[in-house]
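# Summary of the model geometry
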Amino acid sequence: MAYVAATKTGDVAPGKMKAVEAGGKKLLLANVDGAFYAMQKNCPHLGFNLCRGKLNGTVVTCALHGAGFDLKDGSAVNPANLIIFKKLTKNAVTYPVKVEGDQVMIDV
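Because the structure is predicted, anything quoted here is derived from the model rather than measured. (Residues numbered from 1 in each chain as written. Predicted model: local features only at pLDDT ≥ 70, side-chain atom pairs only at ≥ 80, totals over all residues. Heavy atoms only, no water.)

Once that is clear, we can look at the side chain of Asp70. Relative to the elements of secondary structure, Asp70 occurs in strand β7 (residues 68-70). It is Lys72 that comes nearest to the buried, bridge-free Asp70 among opposite-charge side chains, at 5.5 Å. In terms of polar contacts, Asp70 uses its side chain to reach the side chain of Thr58, at 3.2 Å. When residues no more than four places from it in sequence are discounted, the contact partners of Asp70 are Thr58, Val59, Ser75, Val77 and Thr94. (Helix = DSSP H or I, 4+ residues; strand = E, 2+ residues; numbered from the N terminus. Buried < 20%, exposed > 50% of the residue type's maximum accessible area, 1.4 Å probe, protein only. Lys, Arg positive; Asp, Glu negative; His and termini not counted. Salt bridge = Lys/Arg side-chain N within 4 Å of Asp/Glu carboxyl O. Polar contact = N/O pair within 3.5 Å; in protein donor to acceptor, adjacent residues only side chain to side chain. Contact = heavy atoms within 4.5 Å.)

Shown next as structure tokens:
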């Protein structure tokens, strides 16, 4: 694994998320009070784009079924809300992030 530049720090405001690509992987990058977190972009539940969801602290909630994932470790903190189709909500994959100068670097 190697750190690669994903975006500039100013491109993701605090409390916001952005889709980025690093090392050929499509990822979600979030800025939580100046700390950056990277996680797989698509929900591990049914593959919906998590960047379209809601960020509350370090928890990203999928807009499609309400599954919530902690950016710190990818753990599923809220199960998907489905009435008809029940499928286990798996944990999301997270990636280490560091900032060098004005570059956000992700270890992919």
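We are not done yet, so read on.
Let us now look at the packing of aromatic side chains. One pass over the full model with this rule turns up zero aromatic pairs. The aromatic ring of Tyr3 is capped on one face by Lys98, whose charged end is 4.4 Å from the ring centroid. (Phe/Tyr/Trp six-rings, centres within 6.5 Å; stacked < 30°, edge-to-face > 60°. Lys NZ or Arg CZ within 6 Å of the ring centre and 35° of its normal.)

Time to look at the nonpolar core. For soluble globular proteins, the rule of thumb is that nonpolar side chains tend to be buried together. Leu28, Met39, Leu50, Leu55, Val60, Phe69 and Leu71 are the most contacted members of the largest nonpolar core, which has 16 residues in total. At the level of elements, β3 (25-32) and β4 (35-40) are the ones that each hand at least two residues to this core. The biggest single contributor to this core is β3, with three residues. Each residue touching Leu50, except ones within four places of it in the same chain, is listed here: Met17, Leu28, Met39, Gln40, Lys41, Asn42, Cys43, Val60, Cys62 and Phe69. Membership of the second largest hydrophobic core comes to twelve residues, among which are Val20, Leu27, Phe36 and Val108. (Core = buried A, V, L, I, M, F, W, Y, C linked by side-chain atoms within 4.5 Å.)

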